[in-house]
Amino acid sequence: MMDHNELLSWLMISLTISPNSERFRNLLLKYGSAEDICEAAYGGARDFFNNEVKNFRTIHKDQAERIISYCNEHNIEIIAYEDKKYPKTLKHIYDPPSILYCCGNSDFISNDSIIAVVGARKISEYGMEITQKITYDAVKHGITIASGFAVGVDITAHMTAVRNGGKTVAVLGCGIGYPYPRPNMQYFDEIAENGAFISEFPPNTPPAPVNFPRRNRILVGISSGVAVMEASAKSGSLNSASHAVNQGKNLFVVPPKNINDSSFSGNSILLQKGAYPICSSDEIIKYFFEENLHDPSEYYPDKLKASFADENPSLQKDISPVSVVKEKKSTSSSKANVTNPDSDKNEKSAPELNFALDGNQKIIYDIIKASAYPVLAEDIADKSGLDISEVLSAITNLELSAIISSNDGQTYKIK
């Protein structure tokens, strides 16, 4: 178990440095520990953005202390990146969170047999029937069900698992201490007793549109595969599907009962691109958990991989977790190549992209690149003519791809 000072340091990092695998790992390799990263940032080392240095100096340890006190009072466990309880599979994604908050049994989040069940908030009768059937069969085979605790498919999957002797993990797009969504709070204790809630957000963080695509990378990251129950063409479940493909995870999709039903148009899109169709949990069990007949990264047809290549290009990199031993701190001859993000050299020109962005991402990238100052999301919406929801969705993917960064959660600049 981590000592108090080490946990404080990890909390400081989570409050000030956005997840970014390459940079985060380089900092760990260079400085050797979370405590040394904090000391370097507080001292204004050239490896940190100016706003990060400011945040380290203004977000005092008492804020982290308050979070620890709150978590102790409400039985919320804090799991840092270097903690033994941190899920190993999550370390392999492009942008692992430096901190996870967990309420319930944290052993369940590292289960080798987790399937993410995702789908619509407005669930149809057929969607509910198939979600209950597949979830029931899966838990009877010892599979843990993960989902996002939303109304509709998510809560149906969670409660079907719990009430049939199974285990479930709810991954939140808000803090564990924030009561959202309110209709589902009646099930909170039951799920916590038979599984776990996890979030990368401090306990009282309210939900925000930008949080949920970020949440999805964790949901997929802890899972061995994703099963899409019911999804429209604009469903957030397609974001989870993109993470599954880019993380090399199994992607299973329920065929629509009626091909003209728009509430299943997202399912049709994924099936047309080559996702694996399922009519029962037998396919999930047969093709992964029992026989492991295929490597997902080899299974996906080129058109399915290509369809998500522009959405999260950086997630396609082969990521290996790094474990840092403080005694093996890097010397000057072996330091990771971490340069000052705010140096004049880096500010002279924005990075040239070696991959194509999709329509909205390209529009937003060009607007941010053309500005001499960080840009508000609302200003981007005004200049682009896009809805704010479209802007936030594209911004999330650009952030996850380490193309742009947020100064304070409201303004954005090219990294």
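Provided above is the structure to which this section pertains.
Rules of the game
Here, residues in each chain are numbered from 1, in the same order as that chain's written sequence. Local features are withheld for residues below a pLDDT of 70 in this predicted model, meaning they are given only at 70 or higher, and side-chain atom pairs are given and counted only at 80 or more; totals for whole chains, interfaces and linings count all residues. Note: side-chain values were computed over all heavy atoms of the structure, leaving out hydrogens and water. At least two bridges found by DSSP between two strands is the condition for calling them paired. Runs of H or I in DSSP of at least four residues are treated as helices and runs of E of at least two as strands, each being numbered from the N terminus. Note on definitions: a residue-residue contact is assigned when non-hydrogen atoms from the two residues lie within 4.5 Å. As a rule, the C-alpha atoms of each element are fitted with a line to give its axis, helices using only the stretch in contact, and angles between N-to-C directions run from 0 to 180 degrees. Summary of the burial criterion: residues with accessible area below 20% of their type's maximum are buried, those above 50% are exposed, and those between are partly exposed, where the area comes from a 1.4 Å probe applied to protein chains only. In what follows, salt bridge is the name for a side-chain nitrogen of Lys or Arg lying within 4 Å of a carboxyl oxygen of Asp or Glu. Pairs were defined over the aromatic rings of Phe, Tyr and Trp, the Trp ring being its six-membered one, requiring ring centres within 6.5 Å. Orientation was assigned from the angle between planes: stacked under 30 degrees, edge-to-face over 60, tilted for the rest. Only lysine NZ and arginine CZ atoms are considered, and such an atom sits over a ring when it is within 6 Å of the ring centre and within 35 degrees of the ring normal. The nonpolar core is taken to be a set of buried Ala, Val, Leu, Ile, Met, Phe, Trp, Tyr and Cys residues, with the residues joined through side-chain atoms within 4.5 Å. To estimate how far a helix should extend, the number of its residues minus one is multiplied by 1.5 Å. It is the directions from the helix axis to the C-beta atoms whose arc is reported. Angle categories are assigned with fixed cut-offs, so that under 35 degrees is roughly parallel, over 145 is roughly antiparallel, 65 to 115 is roughly perpendicular, and the rest are oblique. Crossings are assigned a handedness: left-handed for a near helix turned anticlockwise from the far helix by less than a right angle, right-handed for a clockwise turn. By the convention adopted, Pro, Cys, Tyr, Trp, Phe, Met, Ile, Leu, Val and Ala count as nonpolar, Lys, Arg, Asp and Glu as charged, and the other residues, Gly among them, as polar.

Visitor: It is not clear to me how the sheet that holds strand S12 (residues 411-414) should be interpreted in this structure. Could you clarify?
Guide: The three strands are arranged S10-S12-S11 in an open sheet whose pairing can be described as antiparallel. The open sheet is flanked by strand S10 (375-376) and strand S11 (404-406), the only strands paired with a single partner. Here S11 pairs with S12 via three bridges, running antiparallel. What sits directly across from Ile404, in S12, is Ile414. Across the sheet, helix H16 (residues 359-370) is in contact with S10, S11 and S12; its angle to S12 comes to roughly 85°.

Visitor: How should I be thinking about the environment of Ala377 in this particular structure?
Guide: Positionally, Ala377 belongs in helix H17 (residues 377-384). For Ala377, a relative accessible area of 4% translates into the label buried. Put simply, Ala377 and Leu392 are 15 residues apart on the chain and 7.2 Å apart in space, counted from C-alpha to C-alpha.

Visitor: Even after reading the chapter, I still don't get the pattern of salt bridges, so can you show me in this structure?
Guide: Two side chains carrying opposite charge are able to pair once their charged atoms lie near each other. Enumeration over the complete set of coordinates arrives at ten salt bridges. Where Arg66 meets Asp62, a salt bridge forms, and the shortest distance between an N and an O atom there is 3.7 Å. Of this pair, Arg66 and Asp62 are both found in helix H5 (residues 61-73), four residues apart, which corresponds to roughly one turn of the helix. Overall, the relative accessible area of 51% leaves Arg66 in the exposed class. Between Lys91 and Glu82 there is a salt bridge, with its nearest N and O atoms 3.9 Å apart. With relative accessibility at 22%, the residue Glu82 sits in the partly exposed group.

Visitor: Quick question: what am I supposed to make of the side chain of Asp137 here?
Guide: In this fold, Asp137 is placed in helix H6 (residues 125-140). Judged by its relative accessible area of 14%, Asp137 is buried. If near-sequence neighbours (up to four positions away) are discounted, Asp137 is found in contact with Ser281 and Ile285.

Visitor: Before we go on, may I ask you to explain the packing of aromatic side chains in this structure?
Guide: Two descriptors summarise a pair of aromatic rings, namely the distance from one centre to the other and the angle between the planes of the rings. With the rule as written, the count across this model stands at nine aromatic pairs. Ring geometry for Tyr180 versus Phe212: centroids 6.3 Å apart, planes at 50°, classification tilted. Separated by 32 residues along the polypeptide, Tyr180 in the loop between strand S5 (168-171) and helix H8 (188-193) and Phe212 in helix H9 (residues 211-221) bring together distant segments of the chain. Through pairs of rings, three or more aromatic residues link up here, namely Trp10, Tyr81 and Tyr86. One cation-aromatic arrangement involves Lys91 over Tyr81; the distance from NZ or CZ to the ring centre is 4.7 Å. The lysine or arginine in question, Arg121, covers the ring of Phe212, its NZ or CZ lying 6.0 Å from the ring centre.

Visitor: Hey, could you run me through the nonpolar core in this one?
Guide: The nonpolar side chains of soluble globular proteins are, as a tendency, buried together. Of all hydrophobic cores here, the largest spans 75 residues; its most connected members are Trp10, Ile13, Phe48, Ile78, Tyr101, Phe197 and Leu251. Considering every element that reaches this core, the biggest residue donor is helix H1 (residues 4-16), with six residues.

Visitor: Would you take a moment to explain H16 for this structure?
Guide: In this model, H16 (twelve residues) spans 17 Å end to end at C-alpha, consistent with the 16 Å of a helix rising 1.5 Å per residue. Within H16, the full set of buried residues consists of Gln361, Ile364, Tyr365, Ile367 and Ile368. For H16, the arc enclosing every buried residue in end-on projection is 165°, short of the 170-degree limit, so these residues lie on one face.

Visitor: Before we go on, may I ask you to explain the packing of H9 against helix H10 (residues 237-246) in this structure?
Guide: Angle between the axes and distance between the axes: these two values describe a pair of packed helices. With their axes 9 Å apart at the nearest point, H9 and H10 run at an angle of 45° to one another. As far as their axial angle goes, H10 and H9 are oblique. As for the relative orientation of H9 and H10, their crossing is right-handed in sense. Residues Pro213, Asn216, Arg217, Leu219 and Val220 of H9 touch H10, and the partners they reach there are Asn239, Ser240, His243 and Ala244. Partitioning the contact of H9 with H10 into residue classes produces four nonpolar, four polar and one charged.

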